[in-house]
Each structure stands twice: as C-alpha cells, then as structure tokens.
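Examination of the molecular architecture
Residues per chain are reported as follows:
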Amino acid sequence: MTGNSDTSPVVLAHLSDVHLPPPAPLPSWRAFTNKRALSVASWKRHRVHRHRPELADIVRKDITDAAPDLVLNTGDLTNFGLSEECAAAADWLATMPARTLVVPGNHDAMVRSDWPDHAGLWSEWMESTDETGFPYCHIHGDVAVIGLNSAIPTPPFMACGRIGKTQRAKLAQLLDETKTLCRVVMIHHPPRAGLVPWRKSLLDHKAVAAVIARHGASIVLHGHSHDATLATVPGSEIPLVGVPSASLLSSRPWRQSGWNRIAITPTQEGWTIDLQTRQFTSDAGWRCSRHRRWQQHSELHGQIMKANEPR
C-alpha cells in the first residue's frame, strides 16, 4: 500500500519545447558571435513560422481549464538561451495555473553562459537548484518528481545532451530514497536511442537508462523530439513518454501542438497511471490523440504492468 489513504488522483500537466518568441528587436550582434548566429538564421528561415506563440497560449489555457496539481515543463522555453529570453520565460512560467517544475533544454544552454543570469532565473521552478545541484526532487503527496539537467553547450549543428556521472549517482540515490512513492523522472533528451537523430541524442543514454532500470521509476517524461511518442526505458518496462512541442504548427498529427495529462491514482497495490495526450489544430480544435493506462505495484520497483490496450 501507499503511504497516503487519499484516493484522489494527482494530476500532472506535461508540456515542453514552447520556444517562446525572442525579444524584438534582437540584442546587439555581439550576443551572436557564436553558435547562436546559425540558430538565428534557422529561426528566421523556419522556426519563426512554425513555433507560434498563439498555440502556446492555447495550450496554456487548456492546461488551466484542466486544473492540474503540478505542471511539468521539460525544457526549451527559449530559442537562443539569451538572458532576455530566460527572463521572459520566467514571466511566462509565473502565469502557469499550478505549481510548476522545469528542467532546461538544449536551446536554453546553447552556449556557455553565466547560470544566474540565464537558466538560473528559473530557480523558483527548479526547487532553488543551482547549476551543480541537479537532479532535484519535489514531493507532492505520493508523487516524487525528479528533475534532471541534460542541457550542455554543444558545437554548431549539434544539439546533444549529457547527464554525467555526478547526476547519475544522485539520481540513483533519489530513486532509492523515494522507492515507496510514485516516481516521475523529468529530462529533456530521451534516454533511449532512435527517438532523435544522433546529433540530438543524449550522449550517455545507456548509462542513464541503466540507472533508471536498476533503481526503478514509475514513468519518465521527456521533450526535445517534438513527437507524441511512447516507448520504454531500455532494460525495463518503465514508460518513456514524449510530448509534442506546445507551440509547433505541423501537418503531421503526432507533432501538432499539445500536452500530456497524467493522472496518478493511489490503489491498494500501488498506483494507476492514466495518460492522455491532447493536441490542437486550428482546423479541428482539441482532440485526445492517445490514451494509455498502467497499474504499478509499489513493492515491485520499476515493474509496470499494462492494464488496458491503447484507445
């Protein structure tokens, strides 16, 4: 049994890759004498037309209407990781309808920057964690949310990430310390090969997956791919859940803007985890594109049993 006799679900709203608009006009050219120059060119050619702030606002309104207990944001709030963008993202995070937790994405750490003036501006939504303090852990009832930082500066044309030995060791410790709870792991880059191209991959995905599989978790949430994917953490049956970009305008159904609603309900044996993916287009409005449900036994660390077929 869980430690909480309350059978009300804890509802999580998972969104990612909002890519909020950069400041206009852009800062001085001196801020772009590095990899950001290539990213600005890509943004002007492509991303400014595809990542639409009005879609992000529609997603935020839908999340508000759903009245979640926690909002989980798996990174890439910005386009270039500028200090001005991070400050605007902090203002945007402050408008979310519930306690919000965030982990950085690769766009938020595009080049080496002074942490307090960049992603550190989101400290309020990262359990006051500094650059060297990840992963952090937030406990809400019977749910433990563990946030990892996979964002690292990379060379041009690369968008890969890394967790590293220090974070992996602390992750193992936190998973052990919270083994009686429903453990939700947040990470930007997916800890599995094949979900994104190699140049965008988590470089130590095998080692990260091994830690999660060995020490157990209930569900792992990631961003980065902009796809509504459902896989497993290698070496386990732990669900590995991707989410579309909250702002992406796309003709491909699995990439259209949206978010994941995850309801975690205590049972006598452990928890029921109910996942619904909500996606929006201006033509069709909102639709539920995916619905899955799992039953987890709390005493079987990391073992997830599917209780129903996809709907």
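Here, every reference points to the structure presented above.
Read on for a plain summary of the structure. (Residues numbered from 1 in each chain as written. Predicted model: local features only at pLDDT ≥ 70, side-chain atom pairs only at ≥ 80, totals over all residues. Heavy atoms only, no water.)

**Concerning the overall build of the protein chain**
Along the backbone of the protein chain there are five helices and 13 strands. Here the protein chain, with 311 residues, has 58% of them falling under the buried criterion. In the protein chain, the share of contacts with a sequence separation of at least 24, taken over all contacts with a separation of at least 6, comes to 69%. Total accessible area on the protein chain stands at roughly 12,900 Å², and carbon and sulfur atoms take up 53% of it. (Helix = DSSP H or I, 4+ residues; strand = E, 2+ residues; numbered from the N terminus. Buried < 20%, exposed > 50% of the residue type's maximum accessible area, 1.4 Å probe, protein only. Contact = heavy atoms within 4.5 Å. Areas by Shrake-Rupley, 256 points an atom, 1.4 Å probe, with all protein chains shown as cover.)

**As for the pattern of salt bridges**
All told, the structure shown has eight salt bridges when counted by the stated rule. In this structure, arginine 60 engages aspartate 57 in a salt bridge whose closest nitrogen and oxygen atoms are separated by 2.9 Å. Of the two residues, arginine 60 and aspartate 57 are both situated in helix H2 (residues 53-66); the distance of three residues between them amounts to about one turn of the helix. Note on arginine 60: relative accessible area 19%, which makes it buried. (Salt bridge = Lys/Arg side-chain N within 4 Å of Asp/Glu carboxyl O.)

**Notes on the nonpolar core**
Within the largest apolar cluster, 46 residues are counted, with the highest numbers of intra-cluster contacts made by Leu72, Trp122, Val184 and Ile264. Tallying contributions element by element places helix H3 (residues 83-93) first for this core, with five residues. Ignoring any residue separated from it by four or fewer positions in sequence, one finds leucine 72 in contact with Leu12, Ala13, His14, Leu15, Leu101, Val145, Val184, Met186 and Leu221. Counting residues in hydrophobic clusters, the runner-up holds 20 residues, among them Leu171, Leu174, Val208 and Val233. (Core = buried A, V, L, I, M, F, W, Y, C linked by side-chain atoms within 4.5 Å.)

**Quick notes on helix H5 (residues 205-215)**
When we look at burial in H5, the residues that qualify are His205, Val208, Ala209, Val211, Ile212 and His215. Across the axial projection of H5, the buried residues extend over an arc of 155 degrees, all falling on one side. Those residues of H5 that are exposed and aimed more than 90 degrees away from the buried face are Lys206 and Arg214. Where H5 is buried, its residues contact helix H4 (164-177), strand S6 (182-187) and strand S7 (219-222). Just beyond H5, the residue with positive phi is glycine 216, at close to 90 degrees. (Arc of directions from axis to C-beta.)

**Re a negative patch on the surface**
A surface patch of like charges, here negative, comprises Asp114, Asp117, Asp130 and Glu131. Topologically, aspartate 114 is positioned in the loop between strand S3 (99-102) and strand S4 (136-140). Aspartate 114 sits in the partly exposed class, given a relative accessible area of 46%. (Patch = residues over 30% accessible without salt bridge, like charges linked within 9 Å, V, L, I, M, F, W, Y side chains within 5 Å. Lys, Arg positive; Asp, Glu negative; His and termini not counted. Charge placed at Lys NZ, Arg CZ, Asp CG, Glu CD.)

**Comments concerning the packing of aromatic side chains**
Following the criterion strictly, the structure yields three aromatic pairs and no others. Taking the centre distance of 5.3 Å and the plane angle of 55 degrees together, the rings of phenylalanine 280 and tryptophan 286 count as tilted. Linked through ring pairs, Trp115, Phe134 and Tyr136 together constitute an aromatic cluster. (Phe/Tyr/Trp six-rings, centres within 6.5 Å; stacked < 30°, edge-to-face > 60°.)

**Here we look at the sheet that holds S6**
Taken in spatial order, the six strands line up as S4-S5-S6-S7-S9-S8 in an open sheet, and their pairing is mixed. Of all strands in the sheet, those bounded by a partner on one side alone are S4 and strand S8 (230-232). Recorded for the sheet is a direction-independent mean angle of 25 degrees between the axes of neighbouring strands. Taken together, the five bridges between strand S5 (residues 143-147) and S6 define a ladder with parallel strand orientation. Paired with valine 143 across the strands is cysteine 182, a residue of S6. The sheet contacts of H4 involve S4, S5 and S6, and relative to S5 the element is tilted by about 180 degrees. (Pairing = 2+ DSSP bridges. Axes fitted to C-alpha atoms, helices over the stretch in contact; angles between N-to-C directions.)

**Looking at the environment of arginine 290**
Its place among the elements puts arginine 290 in strand S12 (residues 285-297). Separated by 13 residues in sequence, arginine 290 and threonine 277 have C-alpha atoms that sit 5.1 Å apart. A distance of 3.3 Å separates the side chain of arginine 290 from the side chain of asparagine 260, its partner in a polar contact. (Polar contact = N/O pair within 3.5 Å; in protein donor to acceptor, adjacent residues only side chain to side chain.)

**A look at unusual backbone geometry**
With an omega of -5 degrees, the peptide bond between phenylalanine 134 and proline 135 qualifies as cis. Tracing the sequence through the fold places proline 135 in the loop between S3 and S4. Phi is positive for aspartate 17, close to 50 degrees, though the residue is something other than glycine. Summarising the element assignment, aspartate 17 is placed in the loop between strand S1 (10-15) and helix H1 (36-50). On the accessibility criterion, aspartate 17 (0% relative accessible area) is buried. Although it is not a glycine, histidine 19 sits at a positive phi angle of roughly 50 degrees. Tracing the backbone shows histidine 19 in the loop between S1 and H1.

Nothing here speaks to function; it is all geometry.
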